Amino acid sequence: MKQPLDTSSNALRASTRAAREKERAIDGAAPVIPARPDAPDAAAQVYNNDFSDYDYSNFYSGSGDDAFALLDPFDAWWAQARPAGYYLFGQPMVTAPKTRVSVVETKGHRRLDNLVNLASYNYLGLSYRPEVIDAAVQATQRYGLGASGSPILSGTFDLHEELAENLAKFKKKEAVLLFSTGYSANLGLIAGLMRPGDLIVADQWAHASIVDGIILSKANVRFFRHNRVEDLEKKLKGFHGKKLVIVEGVYSMDGDIVKLPELVEVCRRYGARIMIDEAHSTFLFGENGRGVAEKFGLEDEVDIHLGTFSKSLGGMGGFVAGPRKLVNYLRGFARSHVFSCALAPGVTAGLIKALDIVQTEPELRAKLHENAATMRRLLRDHGVDIGESTSQVIPIMIRRDELIFPLAEEMIHEGVYLHPIKYPAVSKHRSRFRLSISASHTQEQLEQGADVIVRVLKRHNLCR
Amino acid sequence: MPLTFYHFKNAVSAFFEIPTERARELLPAPMQPLEVHHGSSILALTAFDFHDSMVGAYQEIVLAIVVPPLVKSGDPFPKSAMYPFLLGTSTAESRQHAIERWRLPHYMKNVDVKFEETNRHMRIRVMEGENPILDFEVTDYNWDPVDQLHQCFTRDGQSRFKVDIHMKGKFTEHEEERGTLELYDHPMCRNLVRDEIADRPFRELWMKDGTQIFEELQTL
């Protein structure tokens, strides 16, 4: 709206305002960076401020001349933020990650026993299967603790070759390349294959390891809206050159499944290679457990299959499965493979046994999906918002960021071990708990877990 | 410390992803855009409906790139920082004031900034006469009182400046991606490539019945 210039009335407003403003003071809600952080008075000044309006994202980047410039403000924030709820992350577990666990609460320095474990990735309960542990123990006794070398030098053992061959057969792919972690698998694959000037188009909810692999590759990147086929097409349109599209089988924060058929069709139309990260779906989905690509009958249409050993197999490590030419190329150019120590022999032997179990006990997968369906039903019956999950990863959408830590404390103290997830790990006000269901959960444990969750949410009018 | 107060009925912001290389082109060297993802930075559009200021009532649209804050020992730690690369206002007086006092770059003709609030939605329509410049829409979430510190960077020729700005009022923000954006062919949008900017905000912010308080302009 256009305003006529009226300097006389403006002057009058200014003078009355001046009198009013003399009485006003800025509250000083912004945290002050201590000039000398070790000085008690400076620290007190910081701690008296309200840090609840800040989060990790505020401390990511700052300009200035000192590389340590963000450490003091972060430290001051952390001193308040940690006891306010961030202490809930990374509390030490003092038992195996079974369906009931004991955890040391770092805030109160006390041990919390017999919690129903809805946090661990142990989807098939294989990390503590006696035969898996036996295999790991025997290999450790025979080969020692570590591989003592890079895979391309002295770190490759017969066990590694056996695991890679077995896995390639299982995945029905020509070859498999092993990595020490799932994170390094994404880094090595993406940065090993793509180059500056190429284009990578990834789902906006892609895991951090995918994002970091993209950064390392120095390729151009575009993120498409989650699972939106039309947006993928928009992002691919008009680019000439090498193109790689990256999706996940099951999205780790929401538990929903990739719309693979539609996305594959777009990739084919635009001449883009497609890679699927099946960290949360391989060994679990499809008739034979080969993953979401098998579930959709698209294993051959997907160019690169990536998976991890830390979730369904209960071990650690990652792998790329695909054409032999791709694996041979990555063996030389996937730097996280070349320059990392190979998987520990004990872990590798345990993984071989765990892979055997996956193939010989399909009932484990069936039980997992049955348990996940049970938990989803128990929660939905009470109006709990679990988003779009159709998998063993079940979010409990709380949304209000300020509630997530107090709710987490209540749930843990009432007998359930689960993790709060908040911004910037997820979007602002899309805070949630992420449940990881296991085939090993009993009906009683699922009911107990759901009871606690529903009881706490009811107390806060978040479900019926 | 002299303070300058601007009282507003509504301050409505929307953050859109913009390619980092485009954002960098809108910044003076050596300033860098903040990245929300690798290769993706933030175009911030903010519309103000000022009802009381030292230059009277006026409306304003601010086009800015979000940048990392300047962090210095002994200074308050800001919640965010931005470099406004173009502003439009509804009065010549407000424009002259902002250019002289804060070195803010302006589109030099009057623009109308319309605030259309309906049922927890706010639609902003920016026009020059009959010619549309841009429209955007945000929605609300929970409202809470806040007092936030932000940094604003400006320049005048080779001189670079910073001003600390406090924003106080009832505030809501979310990332539900419910908002919209429409950019039109207008000189104010000439540096914005429509196809490269997300057509919906990833973050929507709205402050009501608030005060924007500028501290002194500091030369960097």
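Anything mentioned here points back to the structure above.
Visitor: Mind laying out the pattern of salt bridges, listing which residues take part and the relevant values?
Guide: All names here are of chain A. Under the definition given, this model contains 40 salt bridges over all chains. Among the salt bridges present, the one from Glu299 reaches Arg290, with a minimum N-O distance of 2.6 Å. By relative accessible area, Glu299 is classed as buried at 15%. Arg399 is paired through a salt bridge with Asp385; the nearest N and O atoms lie 3.1 Å apart.

Visitor: Can you lay out the pairing of strand E6 (residues 112–118) of chain B for me, pointing to particular residues and giving the numbers?
Guide: When a strand is regular, its side chains alternate between the sheet's two faces. Residues and elements named next belong to chain B. As judged from the seven bridges shared by E6 and strand E7 (residues 121–128), these two strands associate in the antiparallel manner. Note on E7: the bridge partner recorded for Lys114 is Arg125. The turn joining E6 and E7, which pair antiparallel and follow one another in sequence, is formed by two residues; a positive phi near 45 degrees is taken by Asn119.

Visitor: I'd like a description of the environment of Arg123(B), backed by residues and values.
Guide: All names here are of chain B. Relative to the assigned elements, Arg123 resides in strand E7. By relative accessible area, Arg123 is classed as partly exposed at 33%. Expressed as a C-alpha distance, the spacing of Arg123 and Ala64, which sit 59 residues apart in the sequence, is 19 Å. Within the local environment of Arg123, its side chain forms a polar contact with the side chain of Asp135, the two groups lying 3.1 Å apart.

Visitor: Which residues make up the packing of aromatic side chains, and what are the values?
Guide: Centre distance and the angle of the planes are the two values used to describe a pair of aromatic rings. For the structure shown, the criterion picks out 32 aromatic pairs over all chains. Judged by centre distance (4.8 Å) and plane angle (10 degrees), the ring pair of Phe59(A) and Phe77(B) falls under stacked. Taken together, the residues span two chains, with Phe59(A) in the loop between helix H2 (40–47) and helix H3 (71–84) and Phe77(B) in the loop between strand E4 (58–67) and strand E5 (80–89). Taken as a pair, Phe59(A) and Phe77(B) share a single burial class, namely buried. Plain terms: the ring middles of Tyr6(B) and Phe50(B) are 5.6 Å apart, the flat faces sit at 50 degrees to each other, and that makes the pair tilted. Here the residue Tyr6(B) occupies a position in strand E1 (residues 4–19), and Phe50(B) occupies one in strand E3 (residues 40–53), the gap between them amounting to 44 residues. On the basis of relative accessible area, Tyr6(B) is assigned to the buried category, the value being 2%. Through a chain of ring-to-ring contacts, three or more aromatic side chains come together here, namely Tyr54(A), Tyr56(A), Phe59(A), Phe74(A), Trp77(A), Trp78(A), Tyr86(A), Phe89(A), Phe405(A) and Phe77(B). For Lys311(A), the ring lying beneath its charged end belongs to Tyr121(A), and the centroid distance is 5.0 Å. The positively charged end of Arg103(B) is found above the aromatic ring belonging to Phe161(B), 4.7 Å away from the centroid.

Visitor: If you had to explain unusual backbone geometry to someone new, which residues and values would you point to?
Guide: Going from Tyr423(A) to Pro424(A), the amide bond is cis rather than trans, its omega being 10 degrees. As for its placement among the helices and strands, Pro424(A) is situated in the loop between strand E12 (419–421) and strand E13 (431–436). The linkage connecting Ala29(B) with the following residue, Pro30(B), adopts the cis geometry, with an omega of 5 degrees. Among the secondary structure elements, Pro30(B) is positioned in the loop between helix H1 (20–25) and strand E2 (35–37). Even without being a glycine, His109(A) presents a positive backbone phi close to 50 degrees.

Visitor: With reference to specific residues and values, describe helix H16 (residues 443–459) of chain A.
Guide: Within an α-helix, residues lying three or four positions from one another point in the same direction, as the helix has 3.6 residues per turn. Residue and element names in this part refer to chain A. Taking 1.5 Å as the rise per residue, H16 with 17 residues should run 24 Å; its terminal C-alpha atoms sit 24 Å apart, in good agreement. Taken as a whole, H16 has its buried residues at Gln445, Leu446, Gly449, Ala450, Val452, Ile453, Val454, Val456 and Leu457. After H16 finishes, the residue Asn461 shows a positive phi value of roughly 55 degrees.

Visitor: Explain the sheet that holds E13(A) residue by residue, including any values.
Guide: All names here are of chain A. With antiparallel pairing, the three strands of this open sheet are ordered in space as E10-E13-E12. Because the sheet does not close on itself, it has two edges, and the strands there are strand E10 (393–399) and E12. The sheet shows a mean angle of 30 degrees between the axes of neighbouring strands, direction not considered. Alignment of E12 against E13, held across three bridges, turns out to be antiparallel. In the strand pairing of E13, Ile421 is matched with Arg432.

Visitor: How would you explain empty space enclosed by the protein if you had to name every residue and give the values?
Guide: Considering all chains together, one arrives at two cavities of 30 Å³ or more under this definition. Of the voids in this model, the largest cavity is the one considered here, and its volume is about 50 Å³. Residue lining of the largest cavity: Pro97(A), Lys98(A), Thr99(A), Asn117(A), Ser120(A), Asn122(A), Tyr128(A), Ser436(A), Ser438(A) and His441(A), and that is the complete set. The residue inventory of the lining of the largest cavity, partitioned by class, reads two nonpolar, seven polar and one charged. Along the walls of the second largest cavity sit Pro28(B), Met31(B), Tyr83(B), Phe153(B), Thr154(B), Arg155(B), Arg160(B), Phe161(B) and Leu220(B), which together make up its complete lining. If you list the elements that add at least two residues to the lining of the second largest cavity, you get strand E9 (144–156) and strand E10 (159–174) of chain B. The element that contributes the greatest number of residues to the lining of the second largest cavity is E9(B), accounting for three residues. Classifying every residue of the lining of the second largest cavity gives six nonpolar, one polar and two charged.

Visitor: Which residues make up the environment of Glu301(A), and what are the values?
Guide: Residue and element names in this part refer to chain A. Examined against the element boundaries, Glu301 turns out to sit in the loop between helix H10 (292–295) and strand E8 (304–308). Residue class for Glu301 comes out partly exposed when judged on its relative accessible area of 30%. Measuring from C-alpha to C-alpha, the distance between Glu301 and Asp381 comes to 39 Å, with 80 residues separating the pair along the chain. Contact partners of Glu301, with chain neighbours within four places excluded, come to Val264, Arg268 and Ile274.

Visitor: Can you tell me about the pairing of E10(A), naming the residues and giving the values?
Guide: Residue and element names in this part refer to chain A. With six of its seven residues buried, E10 lies for the most part within the structure. In this sheet, E13 lies alongside E10 in antiparallel orientation, the contact comprising six bridges. Note that in E13 the partner of Pro395 across the bridge is Arg434.

Visitor: A description of the nonpolar core should follow, citing residues and the corresponding values.
Guide: A general trend in soluble globular proteins is that nonpolar side chains are found buried together. Residue and element names in this part refer to chain A. Counting 58 residues, the largest nonpolar core has Leu232, Val245, Val247, Val258, Leu260, Phe283 and Phe309 as the members making the most contacts within it. A per-element tally of this core places helix H13 (residues 345–360) first, with seven residues. Judged by nonpolar contacts, the second largest core, of 49 residues, contains Leu88, Phe433, Val456 and Cys463.

Cut-offs and rules
Residues numbered from 1 in each chain as written. Chains lettered and ligands numbered in written order. Predicted model: local features only at pLDDT ≥ 70, side-chain atom pairs only at ≥ 80, totals over all residues. Heavy atoms only, no water. Salt bridge = Lys/Arg side-chain N within 4 Å of Asp/Glu carboxyl O. Buried < 20%, exposed > 50% of the residue type's maximum accessible area, 1.4 Å probe, protein only. Pairing = 2+ DSSP bridges. Helix = DSSP H or I, 4+ residues; strand = E, 2+ residues; numbered from the N terminus. Polar contact = N/O pair within 3.5 Å; in protein donor to acceptor, adjacent residues only side chain to side chain. Phe/Tyr/Trp six-rings, centres within 6.5 Å; stacked < 30°, edge-to-face > 60°. Lys NZ or Arg CZ within 6 Å of the ring centre and 35° of its normal. Expected span 1.5 Å × (residues − 1). Axes fitted to C-alpha atoms, helices over the stretch in contact; angles between N-to-C directions. 1 Å grid on protein atoms, 1.4 Å probe; cavity = no way out; pocket = protein on both sides within 12 Å on 5 of 7 lines; lining within 4 Å. Points joined across faces, edges and corners; volume = space filled by probe spheres on them. Nonpolar A, V, L, I, M, F, W, Y, C, P; charged D, E, K, R; others polar. Contact = heavy atoms within 4.5 Å. Core = buried A, V, L, I, M, F, W, Y, C linked by side-chain atoms within 4.5 Å.

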